[in-house]
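Descriptive structure summary
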Amino acid sequence: MSMPGFLPTRQLILVDLLALMLATRPGERAVVAVDGPDGVGKTRMVGELVALAPLVAGRQVLSVSVDGFHHPRSLRYAAGLDAESFYRDSYDYDALRREVLHPFRRGEAFRPAVRDVDTDRPLHPAPVEAEDDALLIVEGIFLRRPELRGEWDATCLVTAPPSVTVPRGKARFPGSRVAGDEDPEHPVNARYVGGQRLYGLQSRLWQPTWIVDNTDLQRPELLVPDPEDPQWFDDEA
């Protein structure tokens, strides 16, 4: 069952993760959040899970990125460019509920995005129809924040240390690099790394259902955390 572009060890781990997700609320619609810092590899991982699903699942698997639900730029930056405003003001969770989560739960079609974060313009994509027992994966940062606690049937934390995630994230935008910006403590990273640290403190009491250590992209590790062991919640940022 090899797929072009998939590394064999990675594919085995992803099949195991997908099987766990597919066991969530069988026979009815379910929503799983895939959470983790920028640069950890969430978008790639969710894309692979969706691509694998037709080969291993008897259930429709769809995905949405929270990046399609940014607030307008004027609101995101209204309180400044510090870590607190990044965590507090980046996303329109009311729109995510209104356009995706609530319609999906009601058995209706949903709208997968409302704003293009790069152009800062509204989006009006066609509604997405889902089967009665579809699994929807919502991918993004800050998804285990307190105000979203009731929205997910299960959560997956994708993790790696900042020394890995920051350089990965920077590599996606080569035209905006400055010398030394691969260092998580570089001033240019203060808003984003600081926001993740603030989030880590907010989310540490909400244990993820599964954890994927994605430090090594070729050999990720899938873990089901012990509810009595808080070690996984100390180093998210």
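Above: the structure in question.
Read on for a plain summary of the structure. Every value quoted in this text rests on a predicted model; they were computed, and no experiment measured them. (Residues numbered from 1 in each chain as written. Predicted model: local features only at pLDDT ≥ 70, side-chain atom pairs only at ≥ 80, totals over all residues. Heavy atoms only, no water.)

1. Considering helix α1 (residues 8-22)
Counted at 1.5 Å a residue, the expected span for α1 with its 15 residues is 21 Å, and the 21 Å between its end C-alpha atoms agrees. Among the residues of α1, Arg10, Gln11, Ile13, Leu14, Leu17, Leu18, Met21 and Leu22 are the ones counted as buried. (Helix = DSSP H or I, 4+ residues; strand = E, 2+ residues; numbered from the N terminus. Expected span 1.5 Å × (residues − 1). Buried < 20%, exposed > 50% of the residue type's maximum accessible area, 1.4 Å probe, protein only.)

2. Side note on the pattern of salt bridges
Summed over all chains, the structure comprises 18 salt bridges. A salt bridge links Glu48 to Arg44; the nearest nitrogen and oxygen atoms lie 3.4 Å apart. Of this pair, Glu48 and Arg44 are both found in helix α2 (residues 42-56), four residues apart, which corresponds to roughly one turn of the helix. Classification of Glu48 as buried rests on a relative accessible area of 7%. Of the charged contacts in the structure, one is a salt bridge between Arg97 and Asp94, with a shortest N-O distance of 3.4 Å. Residue Arg97 and its partner Asp94 are both found in helix α5 (residues 93-105); the two are separated by three residues, about one turn of the helix. Accessibility expressed as a relative area gives 15% for Arg97, which makes it buried. (Salt bridge = Lys/Arg side-chain N within 4 Å of Asp/Glu carboxyl O.)

3. Brief notes about the packing of α1 against α2
Contact geometry for α1 and α2: axes closest at 10 Å, N-to-C directions at 75°. When the axis of α1 is compared with that of α2, the two are roughly perpendicular. Every residue of α2 that contacts α1 at Arg10, Gln11, Leu14, Val15, Leu17, Leu18 and Met21 is listed here: Arg44, Met45, Glu48, Leu49, Leu52, Ala53 and Val56. (Axes fitted to C-alpha atoms, helices over the stretch in contact; angles between N-to-C directions. Parallel < 35°, antiparallel > 145°, perpendicular 65-115°, else oblique. Contact = heavy atoms within 4.5 Å.)

4. Describing the nonpolar core
By size, the foremost hydrophobic cluster in this structure holds 28 residues, and its most contacted members are Leu96, Val100, Phe110, Leu136, Phe142 and Trp152. Counting residues per element, this core draws most heavily on α5, at six residues. Sequence-distant contacts of Phe110, that is, excluding residues within four places in its chain, are made with Leu62, Val64, Glu99, Val100, Pro103, Phe104, Ala126, Pro127, Val128, Ala130 and Leu136. Counting 25 residues, the second-largest nonpolar core is a separate cluster that includes Val46, Ala57, Val164 and Trp210. (Core = buried A, V, L, I, M, F, W, Y, C linked by side-chain atoms within 4.5 Å.)

5. Regarding the side chain of Arg115
For Arg115, the position within the fold is in strand β3 (residues 115-116). Polar contacts involving the side chain of Arg115 include one to the main-chain carbonyl oxygen of Asp120, which spans 2.8 Å. When neighbours within four sequence positions are excluded, Arg115 is seen to be in contact with Asp67, Gly68, His70, His71, Pro72, Asp120, Arg121, Pro122 and Leu123. (Polar contact = N/O pair within 3.5 Å; in protein donor to acceptor, adjacent residues only side chain to side chain.)

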